[in-house]
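# Coordinate analysis (summary)
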Amino acid sequence: RRGRCGGAAAMPGAAAQERRRRVVPLAAAPPTRAGDEPLLRGIFEIGKRSCDVVLSARRLRWSPILPESPTGDSNVALQAQEEIIEMKDVFSVKLKRRRFAGQKKGGTLLGITIFKCLNKEENKLTDCAIHFNNLSEDHCQSWFRRLKEILNGFQNRPKSLKVFVNPSSHKREATHVYYEKVAPLFKLADIKTDVTVTEYEGHALSLLKECELQEFDGVVCVGGDGSVSEVAHGLLLRAQIDAGKDTDYVSKPVRAPVPLGVIPAGTTNILAHTLYGIKHAVTATLHIVMGHIQAVDVCTFSTPSKLLRFGFSAMFGFGARTLALAEKHRWMPSTQRKDFAFIKTLADLKPEECELSFLPLQIPQEDCHEKDRITLLYLGSRDQWQKIQGHFLNVSIMAIPCLCSMAPRGLAPNTRLNNGSMALIVVQNTSRTEFIKHLKRYTSVENQFNFPFVETYTVQEVKVQPRIKSGPDAKENTCLNAASAEGNCPWNIDGDLMKEASEVHVRVHPQLIDLYGVNTDDLESSQAMCNCI
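Here's a quick rundown of the structure. (Residues numbered from 1 in each chain as written. Predicted model: local features only at pLDDT ≥ 70, side-chain atom pairs only at ≥ 80, totals over all residues. Heavy atoms only, no water.)

### Observations regarding the overall build of the protein
- Tallying secondary structure elements over the protein gives 12 helices and 21 strands in all.
- Counting the 533 residues in the protein, one finds 50% classified as buried.
- The long-range share in the protein, meaning contacts at least 24 apart out of those at least 6 apart in sequence, stands at 71%.
- For the protein, the accessible surface area stands at approximately 26600 Å², while carbon and sulfur atoms represent 50% of it. (Helix = DSSP H or I, 4+ residues; strand = E, 2+ residues; numbered from the N terminus. Buried < 20%, exposed > 50% of the residue type's maximum accessible area, 1.4 Å probe, protein only. Contact = heavy atoms within 4.5 Å. Areas by Shrake-Rupley, 256 points an atom, 1.4 Å probe, with all protein chains shown as cover.)

Encoded structure:
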């Protein structure tokens, strides 16, 4: 009888436990969507607690295994303590082993470590590790393989990168930044790299014309705005050469073959600020590792006879003269050099006399919202060129917003990364006091264009023609004389100095290059301020 009673008493209990094992997790789980179907399920120790872990293509979730409560409310406890990682935030998975000092291979298996990208405040990204402990080799290997399969399924994530490091950028810190902050994350993400430390200006450009770009998923530049501009120009020039186009005149350029990543290690780092909202090498690296790609508009700068270069933004007048003066004092520390050039150019403030011709961007009337734009829109015909001539303190032509610490809203907040337009910002001749007021507005949230001497336009083409004067004042005022050879009418293109005095024709080409980063509209507003003015 004891046997029958014991058997009769034991069987329902065993059956009930089996039903709970099968039914409870399904009842506790929400309805599955595409990609949420469980692929693996197992037990791992996480933070010194045994957890029930479920893996799907979209996410990894776990909850602690708790003893059943007398009232049977264990499901509520499990649901309340469930944690989730989205697989799109994971960039690496490694087998965790204990090794002796000097041991490079093998070791006692402890479990799996998952590395995820964590989005902190102020647009800053960082990496964090979560340890899933289990001593079973077979169990961990099956999870490791399946996790790697999921990570390899993210198409935009690079597996191989060509890296250019400019050792002369800013305080000569680019090499340190790369090897201390960037390279370890690339290695952790199993990204192969071919690194070139540039030795002279134009080194990256010459290598890009020859290297086998099909071997790489992307190109990375560690440096300032000038270095990045050179690499971007090299990538696009290489694309035209491969397409068999005449590089002296490119009316319809082809897209760059691979994306470009920007690791900020310069003085201003405008492109990095625009892409990431912050100057932070780890944030920039994680955007590259995660494969966050953003198509970006690019300009061509040409004379009537040849292509000068590809670029994102340019300044003629005050912004260019400041850069030209800073370049002449390269022997000074970078911050002092920049401040000196700014103050000296402001003290010697003088306008440039030139003629501006521009083709306004065509925008359908229903797409124009006056409250959303800080610009004058011309809705004319395709060939309706506008002309302005006179004395201008500064002329800015920008295809991207150009965020930086000195201009949290951007030098051209009325444009976007890829809306197929350029911002033409014209500052007419005015007093030094009024010009300084205009400059100060860039550091605040106030509208820097709300001055009677500032005009803004949304355009697709611009021609800048310095005026040629005749008479006794010609030698002093014209840019097309012997003084131009000394850079009296320079251009500032992406932080690179270009001494070009003849007519310059600027065209915008929509989404011509892919950059690693995100759309600035998705970033938090930067709170950075500058007191240098």
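### Structural notes on the packing of aromatic side chains
- By the definition in use, this model includes 12 aromatic pairs.
- With a centroid separation of 5.3 Å and 85° between ring planes, the pair formed by Trp62 and Phe132 is classed as edge-to-face. Highlighted residues: Trp62 in strand β3 (residues 59-64) and Phe132 in strand β7 (residues 125-133), separated in sequence by 70 residues.
- Considering the side-chain rings of Phe316 and Trp491, the 5.2 Å spacing of their centres and the 40° angle between planes classify their relative orientation as tilted. Taken together, the positions of Phe316 in strand β14 (residues 313-317) and Trp491 in strand β19 (residues 490-493) put the pair 175 residues apart, joining distant regions of the chain. Trp491 carries the same exposure label as Phe316, and that label is buried.
- Feature note: the residues Phe44, Trp62, Phe132 and Trp143 constitute an aromatic cluster, connected by ring pairs.
- A cation sits over an aromatic face here: Arg157 above Phe154, 4.2 Å from the ring centre.
- Positioned above the aromatic ring of Trp385, the side-chain terminus of Lys463 is 5.0 Å from the ring centre. (Phe/Tyr/Trp six-rings, centres within 6.5 Å; stacked < 30°, edge-to-face > 60°. Lys NZ or Arg CZ within 6 Å of the ring centre and 35° of its normal.)

### Some remarks on empty space enclosed by the protein
- If you walk through the whole model with that rule in mind, you get four cavities of 30 Å³ or more.
- One number sums up the size of the largest cavity: a volume of about 40 Å³.
- As for the largest cavity, its lining consists of Phe44, Val53, Leu60, Ile112, Ile114, Phe132, Trp143 and Leu147.
- Every element with two or more residues in the lining of the largest cavity is listed here: β6 (108-119) and α3 (137-152).
- Partitioned by chemical class, the residues of the lining of the largest cavity number eight nonpolar, no polar and no charged. (1 Å grid on protein atoms, 1.4 Å probe; cavity = no way out; pocket = protein on both sides within 12 Å on 5 of 7 lines; lining within 4 Å. Points joined across faces, edges and corners; volume = space filled by probe spheres on them. Nonpolar A, V, L, I, M, F, W, Y, C, P; charged D, E, K, R; others polar.)

### Digging into the pairing of strand β8 (residues 160-165)
- Counting buried residues along β8, six of its six residues qualify, which places the element largely inside the surrounding structure.
- Side chains Ser160, Lys162 and Phe164 of β8 all project onto a buried face; the interleaved residues Leu161, Val163 and Val165 project onto the opposite face, where all are buried too.
- Alignment of β8 against strand β9 (residues 192-197), held across six bridges, turns out to be parallel. Along β9, the bridge assignment pairs Phe164 with Thr196.
- As judged from the five bridges shared by β8 and strand β10 (residues 218-223), these two strands associate in the parallel manner. (Pairing = 2+ DSSP bridges.)

### A closer look at unusual backbone geometry
- At Lys48, a position not held by glycine, the phi torsion is positive, near 65°.
- When its relative accessible area of 81% is taken as the criterion, Lys48 is described as exposed.
- At Cys402, a residue that is not glycine, the phi angle is positive and equals roughly 60°.
- Mapped onto the fold, Cys402 is located in the loop between β16 (386-398) and β17 (422-428).

### Describing the environment of Leu66
- If you trace the backbone, Leu66 turns up in the loop between β3 and α2 (74-80).
- Note on Leu66: relative accessible area 30%, which makes it partly exposed.
- Measuring from C-alpha to C-alpha, the distance between Leu66 and Cys51 comes to 8.8 Å, with 15 residues separating the pair along the chain.

### As for the nonpolar core
- Membership of the largest hydrophobic core comes to 85 residues, with the highest contact counts inside it found for Phe91, Phe186, Leu260 and Ile513.
- Considering every element that reaches this core, the biggest residue donor is helix α4 (residues 174-188), with seven residues.
- Split by domain, the residues of this core number at least three in each of domain 1 (38-64 + 81-153) and domain 2 (160-295).
- Every residue in contact with Ile513, bar those within four places of it in the chain, is listed here: Ala232, Leu235, Arg255, Ala256, Leu260, Gln294, Ala295, Val296, Val298 and Phe312.
- If you look at the next biggest cluster of nonpolar residues, it comprises 27 residues, including Phe301, Cys354, Phe392 and Tyr457. (Core = buried A, V, L, I, M, F, W, Y, C linked by side-chain atoms within 4.5 Å. Domains from an automatic or database assignment.)

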